[in-house]
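Summary of structural features
The residues making up each chain are set out below.
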Amino acid sequence: MLAFALINYSCNTNTFHQTNNETKDSILKKYISIVDTLPYYDTSSIEFKLIKAYSSNDTNTLKKLVGHFENMTRKLDWQINLDSCVKQQAFKDIRSEEKYRFNYSAALCPYATSATIINYKDSTVLNTIVYQYAWDTLPCKVIEQTTVAIDSVGWAMFQESLEVADFWGLRPDNGEHGVDGSTLEIYGFKKGTNSEWDPDRSNFIERWSPAYNSILSSFTLLLKYSKTKKGCITAL
């Protein structure tokens, strides 16, 4: 009887998993078929290509996409220790209602600046670090570091600057690249109020030589708040 019960349970479990997988596959295929008919949906993103390749069981494409993504995110050997002296919480680990991190560097300048503004339920804090890259015989070294509280007016002005720049509507890469110039990376997260109609949002963008991009104004506003005096770029 025990053996029969175990066999029966195993069969029911396998049937459940099979049915569950079939349901998930059906929902996924339906999602892809809907997206393919929408004129405004970006089907060129690596995320959508991964989903589509998984849905069609296209193993070769999956391997190529994962390899491409690994190459994009892997640090080269000479990059690993450039910022070893910077001790700040990983962006993904910061628990808050809303948060942004700006990383700025420029050619022919030994310094980099990282500014992180964090909005909690009852306060807003801006942490800024200016540091020297580890390069040749130079060690990584923190040049200047500040932590300041931002009032509601300052936070509102910063949010307005993001709206003017259309941060949440920007693509991660705009196709502009070069050897010299400067680079601005921006990470953003905003907690939603409803999982269906107003879910959590995350975005990341990288811009080369962003002097003529309005998103740079958001960064320089944070530099003004931070009162930092050093770095490749400072607030007027």
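Preceding block: the structure.
This section reports on the structure supplied with the text. (Residues numbered from 1 in each chain as written. Predicted model: local features only at pLDDT ≥ 70, side-chain atom pairs only at ≥ 80, totals over all residues. Heavy atoms only, no water.)

A closer look at the packing of aromatic side chains
One pass over the structure, following the stated rule, counts 11 aromatic pairs. Relative to F204, the ring of Y187 lies with its centre 4.7 Å away and its plane at 45°, an arrangement referred to as tilted. Here the residue Y187 occupies a position in strand β5 (residues 182-190), and F204 occupies one in strand β6 (residues 201-208), the gap between them amounting to 17 residues. Judged by relative accessible area, Y187 falls into the partly exposed class, the value being 28%. Judged by relative accessible area, F204 falls into the partly exposed class, the value being 28%. (Phe/Tyr/Trp six-rings, centres within 6.5 Å; stacked < 30°, edge-to-face > 60°. Helix = DSSP H or I, 4+ residues; strand = E, 2+ residues; numbered from the N terminus. Buried < 20%, exposed > 50% of the residue type's maximum accessible area, 1.4 Å probe, protein only.)

Brief notes about helix α4 (residues 152-165)
With 14 residues, α4 extends 20 Å from end C-alpha to end C-alpha; this agrees with the ideal 20 Å at 1.5 Å per step. Listed as buried for α4 are G154, W155, F158, S161, L162 and A165. Down the axis of α4, the buried side of the element spans an arc of 120°, and every buried residue falls inside it. The outward face of α4, more than 90 degrees from its buried face, is lined by the exposed residues S152, V153, E160, E163 and V164. Those residues of α4 that are buried are in contact with β1 (98-106), β2 (111-119), β3 (124-132) and α5 (215-226). Just downstream of α4, D166 is the residue with a positive phi angle, here 60°. (Expected span 1.5 Å × (residues − 1). Arc of directions from axis to C-beta. Contact = heavy atoms within 4.5 Å.)

Points about the state of the cysteines
Going through the model one piece at a time under the given rule, you end up with two disulfides. Between the sulfur atoms of C85 and its disulfide mate C140 the distance is 2.0 Å. Every disulfide takes its handedness from the sign of the S-S torsion; for C85 and C140 that torsion is -60°, giving left-handed. Of this pair, C85 sits in the loop between α3 (59-73) and β1 while C140 sits in the loop between β3 and β4 (141-149); the two residues are 55 residues apart in sequence, bridging distant segments of the chain. (Disulfide = S-S within 2.5 Å.)

So, the nonpolar core
In terms of nonpolar packing, the biggest core is built from 23 residues, with F102, F158 and F219 touching the most fellow members. Of all elements in the fold, only β1, β2, α4, β5 and α5 reach the threshold of two or more residues within this core. Among the elements that line this core, the one with the most residues is α5, at seven residues. For F158, the contacting residues outside a window of four places in its chain are Y100, F102, I117, S218, L221, L222 and Y225. I129, Y131, A134 and C140 belong to the second-largest nonpolar core, a separate cluster that totals seven residues. (Core = buried A, V, L, I, M, F, W, Y, C linked by side-chain atoms within 4.5 Å.)

So, unusual backbone geometry
Phi at D166 is positive, roughly 60°, even though this residue is not glycine. Relative to the assigned elements, D166 resides in the loop between α4 and β5. Unusually for a residue other than glycine, S209 sits at a positive phi of about 45°. Within the secondary structure, S209 sits in the loop between β6 and α5. Under the relative-accessibility criterion, S209 is labelled partly exposed at 29%.

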